[in-house]
Amino acid sequence: MSDWWSSLTFSEQIFWGVAIFATIIQVLFFAGSLLGLGDADSDLDGDLEAPEDGSVGHHQGVGGLKLLSVRAIMGFLTGFGWAGVLGLGSGMTLALTLILACVTGLVFALLVALTLKFIMSMTADGTLRYERAVGTRGKVYVTIPARRGGHGQIEILLQGRLITAPAVTDADHDLAQLAAVEVTAMESAGVFIVRPV
């Protein structure tokens, strides 16, 4: 092993070193993801995030891609290192190899950032958004007094969940249990205004 390393030129040693280091880190990221050990981007690169006032906007790419996340940087180094190894190994000049390595590294970083953005877009937000209930239909769970004379309860399907929520009505008669209703608006947070269907 030491004879092989000694036989390399300084440039080859640099490219091999970067390629091996970045590949090991990528394998560790992958193993950590499989074992559920957390997201390296949230744990390791907090100092690379742009401040909330937007004063350092170059940390974000087009459409909010995190081009300076730890994983994207490791993607760049992996592409850079292996392209450099292949370039010098095939007899390219150092200048041409550097150009090829930089372009390949940028492509790898962009692919990693796009992959991470796609994965993050697939994660579901579990927060119930009550305003989305307007226009949906459900049924009365607890009798709702007429003309907003008090709160009753309705049962509706919201974001794939069957929920029970307080409700009032402007109808001239009480809405009895199991009556079909439609949510027309929100009176306040989590209190729906309904009408009979």
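Residues numbered from 1 in each chain as written. Predicted model: local features only at pLDDT ≥ 70, side-chain atom pairs only at ≥ 80, totals over all residues. Heavy atoms only, no water.

## Regarding the packing of aromatic side chains
In the structure shown here, the tally under the stated rule is six aromatic pairs. Relative to Phe-80, the ring of Phe-15 lies with its centre 5.3 Å away and its plane at 40 degrees, an arrangement referred to as tilted. Of this pair, Phe-15 sits in helix H2 (residues 10-35) while Phe-80 sits in helix H4 (residues 70-89); the two residues are 65 residues apart in sequence, bridging distant segments of the chain. Phe-80 matches Phe-15 in its accessibility class, with the two residues each being buried. Pairwise contacts between aromatic rings join Trp-4, Trp-5, Trp-16 and Trp-82 into one cluster. (Phe/Tyr/Trp six-rings, centres within 6.5 Å; stacked < 30°, edge-to-face > 60°. Helix = DSSP H or I, 4+ residues; strand = E, 2+ residues; numbered from the N terminus. Buried < 20%, exposed > 50% of the residue type's maximum accessible area, 1.4 Å probe, protein only.)

## A word on H4
The first and last C-alpha atoms of H4 sit 28 Å apart over 20 residues, in line with the 28 Å expected at 1.5 Å per residue. Where burial is concerned, most of H4 is hidden: 14 out of the 20 residues are buried. Backbone geometry just downstream of H4 places Gly-91 in the positive-phi region, at approximately 95 degrees. (Expected span 1.5 Å × (residues − 1).)

## Observations concerning the pairing of strand S4 (residues 180-188)
Bridging between strand S1 (residues 137-142) and S4 involves three bridges; their strand directions are antiparallel. Paired with Gly-138 across the two strands is Val-181, which belongs to S4. With six bridges joining them, S4 and strand S5 (residues 191-196) adopt antiparallel strand pairing. The partner of Val-181 across the bridge, within S5, is Pro-196. Two successive antiparallel strands, S4 and S5, enclose a turn made up of two residues, where Gly-190 displays a positive phi of approximately 80 degrees. (Pairing = 2+ DSSP bridges.)

## Description of unusual backbone geometry
Positive phi is not limited to glycine here, since Arg-148 has a value of about 55 degrees. For Arg-148, the location among the structural elements is in the loop between S1 and strand S2 (152-158). The phi dihedral of Gln-159 is positive, around 55 degrees, even though this residue is not glycine. Tracing the backbone shows Gln-159 in the loop between S2 and strand S3 (161-169). By relative accessible area, which is 33% here, Gln-159 ends up partly exposed.

## Regarding the pairing of S3
Taken residue by residue, a regular strand's side chains alternate between the two faces of the sheet. As paired strands, S2 and S3 are joined by seven bridges and run antiparallel to one another. Within S3, the position partnered with Gly-152 by the bridge is Ala-167. Sheet topology note: the S3/S5 ladder contains three bridges and is parallel. Bridge pairing links Ala-167 to Phe-192 in S5.

## Section: the sheet that holds S1
With mixed pairing, five strands are arranged side by side around a closed barrel as S1-S2-S3-S5-S4. Neighbour-to-neighbour, the strand axes of this sheet turn through a mean angle of 55 degrees, independent of strand direction. (Axes fitted to C-alpha atoms, helices over the stretch in contact; angles between N-to-C directions.)

Read these as spatial facts, not as claims about activity.
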